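Each chain is listed here by its residues.
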Amino acid sequence: MRFLLVPLTLLLTLTFANQSASAIEQAEVDSVYIEALYAADDGDLDTATSMLEGIKKAAGDSYIYLKLSDLYIKLQMYETAKLRLGEGLDAFPADPELNFAMAQLYLFHYRDAGMAEIFAADALKADRDPKYLFIMADIYKILGDEEGLMKILDELVLSEPSSRVLVERGNLHRNHNRLKEAEADYLKAYELDEDLGAAARLSEIYIEEENYEKAVKYLSILSEKRPDFVLSDLKLAEIYKRSDNSGKALEIFRRILPKVEGREKIYVLRQIAGIYYADDDYKNALIYFKQVAELAPQDVQVFYSMGVINELENKFAEAEKNYRKALAVRPDYVEARKRIGFISLRDKKYDEGIKVITKIPADLRDVDYYRITGALYKEKGTLSKAYEVLRKGYEENPSSVELVIDFALVLEKQKKYDECFEVLKDSLELNPGNAALMNFLGFTYADLSIKLDEAYSLIESALAKDPENPAYLDSMGWVLYRFEKYEEAYGYQIRALRKAPDEKEIRDHMKAILERLEINKSVDDILKGK
């Protein structure tokens, strides 16, 4: 037995000796590793990497490769970092952290989402850690793989629900017009931690659905919690404006104004001016439009808007100045030319109006152009030119009632009655039952004392559509006058007179009726009830 115990004793001695040597070696590795970490913390990355390179094989630990790659990335030695991760994966191919680190390197440095996907997938085979899921979500987003992204997001919602994930999934639902699912995710995200991104997206959905009450709720939250976030205030103001709550809209726009510059400031000023204009507060509207003009002197629309306000205030000289400022910027600005033409018509500056308005190119001449230009020539007394302009306008716009009536007036002045009747009848075919056309044709018949039965029928139909229209009442009075039914004519004429007491033709017709009835009173006496 002694002979057999000796080898056993030697074997045990050798085993204990090997274990002691291994323990000493591991202790040295750990000591070097700690020293390397101290060096890295002190900013001596070169020393740290050198020390870790010396122990990487002896350590036999994937973390050494991770730490080395991290240090090389800090040194911007990306290829070396990739090599070390590759070495680590050769030794530990299923290590999820090494695969994750390689996926990060490919995604964020090399911008290679395809390679990143391979390593992220290997990491997820080993562990469904949320951070691996998150990087895979980023990769799928870059690759445009919405199906893969949705699966990852669904898993994240179950394993680690967060507002970030819910908003991301909501965005994906919204991109595919699944608005109910998107709304549900945004609501959960907001309920989870009052995520402002979710609140912003909820407001957008509700604006699209015209559910302004809910949109206002979330925009108000954004406005309160992020007063520097002007966009939410802008949307809030626009909703109030759209909802006819101009007072609230004005309050918000005015609050925004000091916070914005450049194009945004011009936009806000224009909105404020527009609200005042819509509320008939022309004084304040002009104040803000002038500020827009100072910031955007090439903006023809603002000069046009100021011109319109000037006209509404009967400041026609100022209006013309603003329209001419618009033309100085854009000579082809049609609307400004038409307004100058109209003001010239009012001021009896016919030649000036004709000069300005006729510079409008032929392809941009609309109904308003033909009406204003025709009126300028008519009032100037050049009926042949008025006829020429209005004839062309009528041919291009045969269904325009206003243009037809203007043309018919010129034809009547030229005593071209057959053409006048033809134009009116053709227009009635295009505009059946139009009261203005029926009245005009009926009155013209009555004025000429022809086709009185047809005249009466036409005027009666016009009055049925608009019983209190003074022009139609006057026409009925006049056709009854032609029928020598003076007492009936008087009843209609007094109603017309009371509604339009200053209208010369109505007063003249009343005088004629009073004369036939042998009533020795003036029109004014009749109006006063004497």
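Note: the structure precedes this text.
Here is a short report on the structure shown in this document. (Residues numbered from 1 in each chain as written. Predicted model: local features only at pLDDT ≥ 70, side-chain atom pairs only at ≥ 80, totals over all residues. Heavy atoms only, no water.)

## Some thoughts on the overall build of the chain
A count of helices and strands for the chain gives 30 helices and zero strands. The C-alpha atoms of the chain give 44 Å as radius of gyration, which overshoots the globular expectation for 530 residues (24 Å, by more than 25%). Expressed along its principal axes, the backbone C-alpha trace of the chain runs to roughly 165 × 45 × 45 Å. Split into buried and exposed, the 530 residues of the chain put 45% on the buried side. Contacts in the chain between residues at least 24 apart in sequence constitute 43% of all its contacts with a sequence separation of at least 6. Accessible surface, the chain: about 28,400 Å² in total, of which carbon and sulfur atoms supply 51%. Both charge centroids of the chain, one from 74 positive and one from 96 negative side chains, sit 8 Å from each other. (Helix = DSSP H or I, 4+ residues; strand = E, 2+ residues; numbered from the N terminus. Rg over C-alpha atoms; globule rule 2.2 N^0.38 Å. Buried < 20%, exposed > 50% of the residue type's maximum accessible area, 1.4 Å probe, protein only. Contact = heavy atoms within 4.5 Å. Areas by Shrake-Rupley, 256 points an atom, 1.4 Å probe, with all protein chains shown as cover. Lys, Arg positive; Asp, Glu negative; His and termini not counted. Charge placed at Lys NZ, Arg CZ, Asp CG, Glu CD.)

## Observations regarding the nonpolar core
Of all hydrophobic cores here, the largest spans 115 residues; its most connected members are Leu52, Ile139, Phe253, Ile256, Val268, Ile272 and Tyr323. Discounting residues that sit within four places of it in the chain, valine 268 has contacts with Leu234, Phe253, Ile256, Leu257 and Val260. Counting 64 residues, the second-largest nonpolar core is a separate cluster that includes Tyr370, Leu376, Ala435 and Ala462. (Core = buried A, V, L, I, M, F, W, Y, C linked by side-chain atoms within 4.5 Å.)

## Brief notes about unusual backbone geometry
Located in the positive-phi region is asparagine 177, a residue other than glycine, with phi close to 60 degrees. A positive phi angle, near 45 degrees, is found at lysine 451, a position not held by glycine. Here lysine 451 is to be found in the loop between helix H25 (435-448) and helix H26 (452-465).

## Description of the side chain of glutamate 419
Structurally, glutamate 419 is set in helix H24 (residues 417-430). With a relative accessible area of 18%, glutamate 419 lands in the buried category. Among the polar contacts listed, one links the side chain of glutamate 419 to the side chain of tyrosine 387, at a separation of 2.8 Å. Glutamate 419 has contacts with Tyr387, Arg391, Phe407 and Leu411, leaving out every residue within four places of it along the chain. (Polar contact = N/O pair within 3.5 Å; in protein donor to acceptor, adjacent residues only side chain to side chain.)

## Focus: helix H19 (residues 334-346)
A rise of 1.5 Å per residue sets the reference length of H19, with its 13 residues, at 18 Å; its end C-alpha atoms lie 19 Å apart and thus fit the reference within 8%. Turning to H19, its buried residues are Val334, Ala336, Arg337, Lys338, Ile340, Gly341, Ile343, Ser344 and Leu345. Residues of H19 that are buried in the fold lie against helix H17 (300-312), helix H18 (316-329), helix H20 (350-357) and helix H21 (367-380). A positive phi of about 60 degrees marks lysine 348, the residue just after H19. (Expected span 1.5 Å × (residues − 1).)

## Description of helix H10 (residues 179-193)
Between the first and last C-alpha of H10 there are 21 Å, a value that for 15 residues agrees with the 21 Å anticipated at 1.5 Å per step. Burial in H10 covers these residues: Ala182, Glu183, Asp185, Tyr186, Ala189 and Tyr190. Along the axis of H10, the buried residues cluster in a sector spanning 165 degrees; they form a single face. The outward face of H10, more than 90 degrees from its buried face, is lined by the exposed residues Lys180 and Glu191. Phi for glutamate 194, located one or two positions after H10, is positive at around 55 degrees. (Arc of directions from axis to C-beta.)

## Let's talk about the pattern of salt bridges
Where charged atoms from two side chains of opposite charge approach closely, those side chains can pair. All told, the structure shown has 46 salt bridges when counted by the stated rule. Between lysine 141 and glutamate 168 there is a salt bridge, with the nearest N and O atoms lying 2.9 Å from each other. Note that lysine 141 is positioned in helix H7 (residues 130-143) and glutamate 168 in helix H9 (residues 163-175), a separation of 27 residues in sequence. Judged by its relative accessible area of 47%, lysine 141 falls in the partly exposed class. (Salt bridge = Lys/Arg side-chain N within 4 Å of Asp/Glu carboxyl O.)

## Examining the packing of H17 against H18
At their nearest, the axes of H17 and H18 sit 7 Å apart, and the two run at 165 degrees to each other. Between H17 and H18, the angle falls in the class roughly antiparallel. You can see that H17 and H18 cross each other, and the crossing is left-handed. Every residue of H18 that contacts H17 at Val300, Phe303, Tyr304, Met306, Gly307, Val308, Asn310 and Glu311 is listed here: Phe316, Glu318, Ala319, Asn322, Tyr323, Lys325, Ala326 and Val329. Looking at side-chain class alone, the contact of H17 with H18 contains ten nonpolar, three polar and three charged residues. (Axes fitted to C-alpha atoms, helices over the stretch in contact; angles between N-to-C directions. Parallel < 35°, antiparallel > 145°, perpendicular 65-115°, else oblique. Left-handed = near helix turned anticlockwise from the far one by under 90°. Nonpolar A, V, L, I, M, F, W, Y, C, P; charged D, E, K, R; others polar.)

## Section: the packing of aromatic side chains
Applying the stated criterion to the full structure yields 17 aromatic pairs. Plain terms: the ring middles of tyrosine 106 and phenylalanine 119 are 5.7 Å apart, the flat faces sit at 10 degrees to each other, and that makes the pair stacked. Separated by 13 residues along the polypeptide, tyrosine 106 in helix H5 (residues 96-109) and phenylalanine 119 in helix H6 (residues 113-126) bring together distant segments of the chain. Each member of the pair, tyrosine 106 as well as phenylalanine 119, carries the same accessibility label: buried. Through successive ring pairs, a cluster of aromatic residues spans Tyr106, Tyr110 and Phe119. (Phe/Tyr/Trp six-rings, centres within 6.5 Å; stacked < 30°, edge-to-face > 60°.)

## What about the environment of serine 461?
Summarising the element assignment, serine 461 is placed in helix H26. With a relative accessible area of 31%, serine 461 lands in the partly exposed category. Serine 461 sits 26 residues away from alanine 435 along the chain, and the two C-alpha atoms are 7.1 Å apart.

## Quick notes on the layout of surface pockets
Approximately 480 Å³ is the volume found for the largest pocket. For the largest pocket, the lining is made up of 17 residues, of which Asn439, Phe440, Phe443, Ala471 and Glu505 are closest to its centre. Put simply, the parts of the chain that give the lining of the largest pocket at least two residues each are helix H23 (401-413), H25, helix H27 (470-482) and helix H29 (504-516). Classifying every residue of the lining of the largest pocket by side-chain character gives nine nonpolar, four polar and four charged. Of the volumes computed, that of the second largest pocket is approximately 270 Å³. Every residue lining the second largest pocket is counted, 15 residues in all, and those nearest its centre are Phe342, Asp368, Arg371, Ile372 and Asp406. Elements represented by at least two residues in the lining of the second largest pocket include exactly H19, H21 and H23. It is H21 that provides the largest number of residues to the lining of the second largest pocket, a total of six residues. Considering only residue class, the lining of the second largest pocket consists of seven nonpolar, one polar and seven charged. (1 Å grid on protein atoms, 1.4 Å probe; cavity = no way out; pocket = protein on both sides within 12 Å on 5 of 7 lines; lining within 4 Å. Points joined across faces, edges and corners; volume = space filled by probe spheres on them.)

Honestly, that's just the spatial picture; any functional story needs more than this.
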